[in-house]
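Residues per chain, in single letters:
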Amino acid sequence: MPDPIACIEDLRAAARRRVPRMFYDYVDSGSYTESTYHANEADLRQIRLRQRVGVNIDARSLETVMAGRKVAMPVALAPTGLAGMMRGDGEILAARAAQRFGVPFTLSTMSICSIEDVARSVPSPFWFQLYVMRDRAFIEQLMQRAASAGCTALVVTMDLPVGGQRHKDVRNGLSTPPRMTLNNLLNMASKPAWTWGMARAKRRHFGNIVGHVKGVDDMSSLASWVRDQFDPTVTWADIEWIRKRWNGKLILKGILDTHDALRAVDAGADVIVVSNHGGRQLDGAVSTIEALPSIAEAVGERVEVWFDSGIRTGQDVLKAVALGARGTMIGRAFLYGLAAAGEAGVRRSLEIIAAELDTTMALCGYADIGAVGPEILASRGFAQS
Ligand code: FNR
């Protein structure tokens with residue numbers, strides 16, 4: 001583990017030192033002007049908590065249930081593409097850290113390690129995230145592969161029918177494996193520990209796709225396949241189609257509007273994730289914490305409501321729970337740990353969030369995360385206006 005690490009921000013700084021620029025930038029960026037990316041964190045920070053004293057908070061518990069799974073705290077690892085470029089075999093390392101900690105891991109469609117790689121390497125079931133692509137036979141095949149690998153939940157991401165642009169990725173010429181431009185070569189040469197780890201990794205391209213789709217054998221054909229395949233025609237009828245074919249829990253991610261939340265309930269979701277993709281899609285969209293209370297109110301107890309985008313501390317998790325989230329997902333917070341120190345770094349990111357959540361809950365006068373509600377908030381900042 002590099003230097004003393006006190007908080008997620010320290011892991012971010014360590015990640016920046018260890019990983020080539022194009023992959024660090026891929027994580028630490030939002031789409032276009034990055035206004036929604038920054039609003040997610042800023043709006044969470046504006047919320048004020050009520051400090052309570054004189055309550056016995058000795059025996060505390062963060063345990064709860066997410067999608068029928070007992071979890072050590074209401075936090076799951078969000079699906080993130082290219083995690084295996086932050087660190088060689090990154091998805092396997094993150095899945096191991098999550099399972100040892102007692103929280104769920106979600107494997108992205110756009111992962112480097114494949115579903116089968118991860119299933120072979122970790123003892124317990126994990127979740128699989130699906131992007132709906134034009135090639136529906138491939139989607140069915142992916143769902144079957146996830147079911148065969150023992151995945152208990154399918155996370156369908158709905159907020160990427162077309163891709164928002166991250167300017168840094170364009171400037172850096174992001175590709176996997178990295179394009180051998182002079183800049184990239186120089187940058188990789190300055191990150192020897194990363195380069196050495198990647199040289200020994202199982203894979204350096206999209207493991208769920210290459211070799212499973214006819215005509216996609218190398219990266220140049222893959223790039224055009226991804227561009228052509230992300231499906232702008234996806235509607236709720238497709239979600240109903242998926243629901244009929246998936247027997248496990250169905251989690252719909254990328255809901256930011258109450259109407260869509262209600263539609264998701266009708267389509268058969270077990271869980272909805274209030275998410276704007278970490279500010280990587282619709283720039284100018286509201287922050288997720290602003291959207292959360294009305295969505296939670298609209299759907300009531302009909303489905304579980306989860307929250308992501310902007311969580312960097314345990315305080316953020318507590319605020320989301322107070323505003324109606326049964327669970328949360330973290331993306332960058334664990335990716336920084338992964339990039340900085342592999343499995344130990346992901347474990348550290350989870351330890352940090354759990355400790356912050358535990359102490360903050362205690363200082364609000366609560367001993368059980370299940371009992372936390374809006375009464376722990378002194379003010380909602382933006383949401384009060
Ligand atoms: C993502 N996200 C994402 N979501 C998804 O459904 N499939 C994916 O492949 C990816 N890839 C991805 C890569 C990177 C680098 C990031 C940062 C995010 C979105 C992710 O699941 C989650 O919604 C956000 O990361 C949550 O925001 P925070 O926690 O990163 O602020």
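What you see is a predicted model; the values in this text were computed from it and never measured.

**Q** When you look at the site of the ligand in this model, what are you seeing that I'm missing?
**A** The local shell around the ligand holds 23 residues, among which Pro79, Ser108, Tyr131, Thr157 and Asp308 are the closest. Take serine 108: an N or O atom from its side chain is 2.7 Å from an oxygen atom of the ligand. In the model, an oxygen atom of the ligand is placed 2.9 Å from a nitrogen or oxygen of the arginine 332 main chain. Within the residue set of the shell around the ligand, elements represented by two or more residues are α2 (21-27), β6 (127-131) and α16 (332-363). Taken together, the residues of the shell around the ligand sort by class into 7 nonpolar, 11 polar and 5 charged.

**Q** It is not clear to me how the packing of helix α5 (residues 90-101) against α16 should be interpreted in this structure. Could you clarify?
**A** The geometry of a pair of packed helices is captured by two quantities: the angle between their axes and the separation between those axes. Packing of α5 against α16 leaves a shortest axis separation of 10 Å and a crossing angle of 20 degrees. With respect to α16, the axis of α5 lies roughly parallel. The handedness of the crossing between α5 and α16 comes out as right-handed. For the pair α5 and α16, the contacting residues are Gly90, Leu93, Ala94, Arg96, Ala97, Ala98, Arg100 and Phe101 in the first and Phe334, Leu338, Gly342, Glu343, Val346, Arg347, Leu350, Glu351 and Ala354 in the second. Class assignment for the residues of the contact of α5 with α16 results in 10 nonpolar, 2 polar and 5 charged.

**Q** Help me understand the side chain of aspartate 231 in this model?
**A** If you trace the backbone, aspartate 231 turns up in the loop between α11 (219-229) and α12 (236-245). When its relative accessible area of 3% is taken as the criterion, aspartate 231 is described as buried. Setting aside its immediate chain neighbours within four residues, aspartate 231 contacts Val132, Met133, Arg134, Arg136 and Pro161.

**Q** Looking at this structure, how should I read the sheet that holds strand β10 (residues 304-307)?
**A** Two strands in a sheet stick together by hydrogen bonds in their backbones, pointing the same way (parallel) or opposite ways (antiparallel). Pairing within the open sheet is parallel, and its 8 strands lie in the order β4-β11-β10-β9-β8-β7-β6-β5. With one partner strand each, in any of the chains shown, β4 (75-77) and β5 (106-107) form the two edges of the open sheet. Packing of α12 onto the sheet brings it into contact with β6, β7 (153-157) and β8 (249-255), and relative to β8 it is tilted by some 160 degrees. On the sheet, helix α13 (residues 258-266) packs against β8 and β9 (271-274) and is oriented at approximately 165 degrees with respect to β8.

**Q** Sorry, what's going on with unusual backbone geometry here?
**A** Leave glycine aside and you will find that most residues have negative phi; peptide bonds, for their part, are mostly trans. Phi at alanine 67 is positive, roughly 50 degrees, even though this residue is not glycine. Mapped onto the fold, alanine 67 is located in the loop between β2 (64-66) and β3 (69-71). The backbone of aspartate 89 shows a phi angle near 55 degrees, a positive value even though the residue is not glycine.

**Q** Can you walk me through the packing of aromatic side chains in this structure?
**A** What describes a pair of aromatic rings is the distance from one ring centre to the other and the angle between the planes of the rings. Within the structure shown, the criterion is met by 4 aromatic pairs. Ring centres of tyrosine 24 and tyrosine 336 lie 6.4 Å apart, and the angle between their planes is 25 degrees; on these two criteria the pair is classed as stacked. With a gap of 312 residues between them, tyrosine 24 in helix α2 and tyrosine 336 in helix α16 connect regions that are remote in the sequence. Here tyrosine 24 falls in the buried class, since its relative accessible area comes to 4%. Both rings, one in tryptophan 127 and one in tryptophan 306, keep their centres 5.5 Å apart while their planes meet at 20 degrees; by these two values the pair is stacked. One end of the pair, tryptophan 127, is in strand β6; the other, tryptophan 306, is in strand β10, with 179 residues separating them in the sequence. The ring of tyrosine 26 is capped by arginine 280, whose NZ or CZ atom sits 4.8 Å from the centre of that ring.

Thresholds applied
Chains are numbered independently. Their residues run from 1 in the order of the written sequence. Residues qualify for local features only when their pLDDT is at least 70, as the model is predicted, and side-chain atom pairs are given and counted only at 80 or more; totals for whole chains, interfaces and linings, by contrast, use all residues. Water and hydrogen atoms were dropped before computing side-chain values, which therefore reflect all heavy atoms in the structure. Being near a molecule or strand, for a residue, means having at least one of its heavy atoms within 4 Å of it. Here a polar contact means two N or O atoms within 3.5 Å. Within protein one must be a hydrogen donor candidate and the other an acceptor candidate, and residues neighboring in sequence count only if both atoms are side-chain atoms. For the purposes of this entry, the term helix denotes a DSSP run of H or I that reaches at least four residues, the term strand denotes a run of E that reaches at least two, and both are numbered from the N terminus. Nonpolar residues are Ala, Val, Leu, Ile, Met, Phe, Trp, Tyr, Cys and Pro. Charged residues are Asp, Glu, Lys and Arg, and all others, Gly as well, are polar. Angles run from 0 to 180 degrees between N-to-C directions of axes, and those axes are lines fitted to C-alpha atoms, restricted for helices to the stretch in contact. By the definition adopted for this analysis, an angle is roughly parallel if under 35 degrees, roughly antiparallel if over 145, roughly perpendicular if from 65 to 115, and oblique otherwise. In a left-handed crossing the near helix is turned counterclockwise from the far helix by less than a right angle, and in a right-handed crossing that turn is clockwise. Working rule for contacts: check all heavy atoms of both residues, and any pair within 4.5 Å makes them a contact. Exposure classes here rest on a 1.4 Å probe applied to the protein chains alone. A residue is buried below 20% of its type maximum, exposed above 50%, and partly exposed in between. Pairs of strands are assigned from DSSP output, requiring at least two bridges between the strands. Note on aromatic contacts: the rings of Phe and Tyr and the six-membered ring of Trp form a pair at centre separations within 6.5 Å, being stacked when their planes are under 30 degrees apart, edge-to-face when over 60 apart, and tilted otherwise. Each ring is checked for a lysine NZ or an arginine CZ that lies within 6 Å of its centre and within 35 degrees of its normal; such an atom marks a charge sitting over the ring.

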